[in-house]
Amino acid sequence: MDAKEITDALATVKDSYFNKDIITLGYVKGMTIGSDTLRFSLRLPAPLMPNHDELAQKCQEALKDVADIGKVEIKKDWQVQRLPSLNAPNTPNSLKGVKNIIAIASGKGGVGKSTVTVCIAEAFANAGAKVGILDIDVYGPSIPNMVGLGDHQLGGSQQGVLEPVEAHGMKIMSMGFLANKDTPVVWRGPIASQLVQQFLGGVDWGELDYLFVDMPPGTGDIQLTLSQAVPLTGAVIVTTPQEVAHTIAEKGLRMFQQVKIPILGIIENMAGFTPPGSDEIYHIFGEGGGSSAAEEFDLPLLGKISIKQELREAMDTGKFVDDDNIKAIASLIAVEAMAVVTNEELSPFAPQEMNLANNGQTLIIKWQDNVEHVISAFNVRYMCPCAHCVDEITGVKLIKEEDIPANVRIIESAPVGRYGVRFSFDDPSPGAGAGIFTFSLLRKMGEEAVEKASFDV
Ligand code: ADP
């Protein structure tokens, strides 16, 4: 058995989902060539990948023609890959162990978005993945009830860090933990947005393969806050089959497209009802809305879930649901999510490291290409692109150098999506810290600082 011949044979096996061969994709791990046995692991990038068995079978077939091939033992395992842009230095510390964040969204309430979130998350947890659910449905945080945590209330945090609650083998955090049955609270506007930030940055999520976010229905501030706060692997849209739900779901689709979040696909929920003892399907909520939306937007229809009494009862009593159809939907989500992960490279503009020195008066950025830039906080402050500092229409600079204290300091930085950062300065003038500094703007400033320094010499 010759190693090169073996690798060449395996390189003919293609993963049709990613349209690349399994050697290029790095699936073949830990190969040992014994005197009469070849052993290796076929490590896929997610659990529940629907083609795991098929790929193992294809490897066996491809290896048949290798000279002196003996017994071939293939161990099937998986390891979830991390979305590259989560590796950016401005990802909150609490998400340092999180590999993928997936939003579950819908155009309107009551379509079963939370039900789908719980069922899908459970399917992944059951397959061995480390899973969390963040419920930020401000209008009706229903996740706690669905996982048997209806009476849970958030205790005090330790040093500002909140612990998620364990249920059904998953880590749960919900806006519902902040209210109780007698005094439900609907969080709105800036407070809701602040809570979202806190749930992402202030919750000890630990190691997670997938963090599913149950979004509020519709399109609004919360969606925008989430999309700007962290890079998402993608969003899944839940809709019911009737035409109007489909039209509303479209709005959600367009919103995610606008904020450049990949849409992993559409799930049609409440698709028909078959009464016990009958073969007939009753289309109570109409037919085909999910399929037609998927077709129109050229998105995968991840699956259909019919109306099931067991599902409603399981959700009402916080019981675990084991359902092959839901597993199949989860496996398509795994495929779509990994397609995003393997295609995404960390933005070339995202820095490797960003540090403050000199008591916040100096910003040091190390870029992907190892170039390092040192920029004074004064210069960063002067270049603030917010509406107080630059006229939005004419582009004329409104802030003057003499308005800024010479020893101005950067006191905080917060990530903005996958493309930039927001700084807070200790300068009291209006607009201090309001501007978003894109990585490309910071790179340009760094290059100009270098040029200026060499000119001064
Ligand atoms: P949303 O999050 O979109 O507001 P929910 O997930 O809270 O919707 O679902 C609303 C109600 O419909 C819940 O009582 C839930 O148990 C029920 N439900 C959702 N999907 C199904 C289904 N496929 N079969 C039966 N009941 C369902």
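The following refers to the structure shown.

## Things to note about the overall build of the chain
Next, step 1: Each helix and strand counted, the chain has twelve helices and 19 strands in total.
Next, step 2: Dimensions along the principal axes, computed over C-alpha positions, put the chain at roughly 80 × 65 × 45 Å.
Next, step 3: Counting the 457 residues in the chain, one finds 40% classified as buried.
Next, step 4: Contacts spanning at least 24 positions in sequence make up 72% of the contacts within the chain whose residues lie at least 6 apart.

## Concerning the environment of I411
Next, step 1: By the element assignment, I411 lies in strand β17 (residues 410–416).
Next, step 2: Distance in space between the C-alpha atoms of I411 and S424 is 5.6 Å, their sequence separation being 13 residues.
Next, step 3: Residues in contact with I411, not counting those within four places in the same chain, are G360, S424, F425 and D426.

## Structural notes on the packing of helix α1 (residues 3–10) against helix α2 (residues 52–63)
Next, step 1: Interhelical geometry of α1 versus α2 gives an angle of 130° and a closest axis separation of 9 Å. Here α2 runs oblique to α1, going by the angle between their axes. Regarding α1 and α2, the two cross each other, and that crossing is right-handed. Each of I6, A9 and L10 in α1 lies in contact with α2, whose residues at this interface are C59, A62 and L63.
Next, step 2: Residues belonging to the contact of α1 with α2 are distributed by class as follows: six nonpolar, no polar and no charged.

## Things to note about the site of the ligand
Next, step 1: Residues in close proximity to the ligand total 17 residues, the closest being G112, K113, S114, T115 and R312.
Next, step 2: Of the residues that constitute the shell around the ligand, the class distribution is six nonpolar, eight polar and three charged.

## With respect to the pairing of strand β16 (residues 372–376)
Next, step 1: Pairing of strand β15 (residues 362–367) with β16 involves five bridges; the strand directions are antiparallel. By the bridge assignment, T362 is partnered in β16 with S376.
Next, step 2: In sequence, β15 turns back onto β16 through a hairpin of four residues, with N370 there showing a positive phi of about 70°.

## Topic: the sheet that holds β15
Next, step 1: Taken in spatial order, the three strands make up an open sheet running β14-β15-β16, and their pairing is antiparallel. Edge positions in the sheet fall to β14 (351–357) and β16, since each has one partner strand and no second. Across the sheet, the axes of successive neighbouring strands diverge by a mean angle of 20°, strand direction being ignored.
Next, step 2: Judged from the six bridges that link them, β14 and β15 form a sheet pairing that is antiparallel. Looking across to β15, one finds that M354 is bridged to I365.

Rules used in this analysis
Residue numbers run consecutively from 1 along every chain, following the written order of its sequence. pLDDT decides what is reported in this predicted model: residues at 70 or higher carry local features, side-chain atom pairs at 80 or more are listed and counted, and totals for whole chains, interfaces and linings draw on all residues regardless. The way it works is that DSSP assigns letters per residue, a run of H or I at least four long becomes a helix, a run of E at least two long becomes a strand, and they are numbered from the N terminus. Once C-beta atoms are placed from the backbone, each residue is buried if 20 or more other C-beta atoms lie within 10 Å of its own, exposed if 12 or fewer, and partly exposed for counts between those two. By definition, residues are in contact whenever their C-beta atoms, placed on the basis of the backbone, come within 7 Å of each other. Helix axes use the C-alpha atoms of the stretch in contact, all axes being lines fitted to C-alpha atoms, and the angles between their N-to-C directions lie in the range 0 to 180 degrees. Here roughly perpendicular refers to angles of 65 to 115 degrees, roughly parallel to angles under 35, roughly antiparallel to angles over 145, and oblique to all remaining angles. Left-handed describes a crossing whose near helix is turned anticlockwise from the far helix through less than a right angle; right-handed describes the clockwise counterpart. Three classes are used: nonpolar for Ala, Val, Leu, Ile, Met, Phe, Trp, Tyr, Cys and Pro, charged for Asp, Glu, Lys and Arg, and polar for all others, with Gly counted as polar. We count a residue as near a molecule or strand when its backbone-placed C-beta atom lies within 6 Å of that partner. A pair of strands is treated as paired once DSSP finds two or more bridges between them.

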